[in-house]
Amino acid sequence: GNSVTQMEGPVTLSEEAFLTINCTYTATGYPSLFWYVQYPGEGLQLLLKATKADDKGSNKGFEATYRKETTSFHLEKGSVQVSDSAVYFCALFGGRGGYNKLIFGAGTRLAVHP
Amino acid sequence: DAGVTQSPTHLIKTRGQQVTLRCSPKSGHDTVSWYQQALGQGPQFIFQYYEEEERQRGNFPDRFSGHQFPNYSSELNVNALLLGDSALYLCASSLWGSETQYFGPGTRLLVL
């Protein structure tokens, strides 16, 4: 079945460092891909999405490109801030047999220190 | 414009009890999905409601049931609670068929 694999955390960075969080997926068909962020004690917020191959999603300085050839959707940010500390979830929606539900990775915790 | 709201925010129950969680979708949305997020894990899909019917279901036992009302709000019911049901329960709303789901703040359930 469809699945998402994320790099294990925690990822610990200094402020203004470059961030990459790896995400790969397994799916038949053509799923849409998402990154959600969860701040401590809160629900999930949609960060960005991409709906087809080679699409780039971007928001708040974060970017991710839908790479069908490598089945990847890695999250990047050029300069992280302490306020970016949170758990980041990669997810897919749809694809053949995926129907109308999100399938999430296990999440990657990011800690940014001054 | 209110986003997705859930109640209660926290709940403590004992094994064997029953619990009802509530969700009001974002204004204009007609579809509600429920997810269970165990500590340190990603959310797992429980089921989805549209037009007051369960449209699809994840790999959860029949102890988990739900309902959607004519105003699109929804309830999640869990019977015969187990310790393993302790989790954050997230409600997400969307338009039917849309891939973009908006999440509420969740209800944290602790089963003792």
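Now for a description of the structure that goes with this document. (Residues numbered from 1 in each chain as written. Chains lettered and ligands numbered in written order. Predicted model: local features only at pLDDT ≥ 70, side-chain atom pairs only at ≥ 80, totals over all residues. Heavy atoms only, no water.)

Side note on the sheet that holds strand β7 (residues 56-59) of chain A
Adjacent strands of a sheet pair through backbone hydrogen bonds, lying either parallel or antiparallel. Residues and elements named next belong to chain A. One open sheet holds the four strands; their spatial order is β3-β9-β8-β7, and the pairing between them is antiparallel. What marks the edges here is a single partner per strand, and that holds for β3 (19-21) and β7. Each strand of the sheet is rotated relative to its neighbour by a mean of 15°, with strand direction disregarded. In the sheet, strand β8 (residues 62-65) pairs with strand β9 (residues 75-77) via three bridges, with the strands oriented antiparallel. Bridge pairing in β9 places Ala 64 opposite Leu 75. (Pairing = 2+ DSSP bridges. Helix = DSSP H or I, 4+ residues; strand = E, 2+ residues; numbered from the N terminus. Axes fitted to C-alpha atoms, helices over the stretch in contact; angles between N-to-C directions.)

Structural notes on the nonpolar core
Counting 26 residues, the largest nonpolar core has A:Leu19, A:Trp35, A:Leu48, A:Phe73, A:Leu75 and A:Tyr88 as the members making the most contacts within it. The set of elements that each furnish at least two residues to this core consists of β2 (11-14), β3, β4 (23-26), β5 (32-38), β6 (44-50), β8, β10 (86-93) and β12 (108-113) of chain A. Looking at this core element by element, the count peaks at four residues for β10(A). The residues contacting A:Leu75, other than those within four sequence positions of it, are A:Leu19, A:Thr20, A:Ile21, A:Trp35, A:Leu47, A:Leu48, A:Phe62, A:Glu63, A:Ala64 and A:Tyr88. Ranked by size, the runner-up nonpolar core spans 20 residues in total, among them B:Val4, B:Trp34, B:Phe60 and B:Val78. (Core = buried A, V, L, I, M, F, W, Y, C linked by side-chain atoms within 4.5 Å. Buried < 20%, exposed > 50% of the residue type's maximum accessible area, 1.4 Å probe, protein only. Contact = heavy atoms within 4.5 Å.)

Let's talk about the pairing of strand β4 (residues 31-37) of chain B
All names here are of chain B. Counting buried positions along β4 gives seven out of seven residues, so the element sits mostly inside the fold. Judged by which residues are buried, β4 turns out to be covered on both faces: Thr 31, Ser 33, Tyr 35 and Gln 37 on one side and Val 32, Trp 34 and Gln 36 on the other are all buried. The hairpin formed by β4 and strand β5 (residues 44-50) contains six residues between the paired strands, and Gly 40 there has a positive phi angle of roughly 80°.

Description of a nonpolar patch on the surface
Side chains of B:Ile12, B:Leu110 and B:Leu112 sit close together on the surface and give an oily, nonpolar patch of about 300 Å² of accessible area. Here B:Ile12 lies in strand β2 (residues 10-13). (Patch = residues over 30% accessible without salt bridge, like charges linked within 9 Å, V, L, I, M, F, W, Y side chains within 5 Å. Areas by Shrake-Rupley, 256 points an atom, 1.4 Å probe, with all protein chains shown as cover. Salt bridge = Lys/Arg side-chain N within 4 Å of Asp/Glu carboxyl O.)

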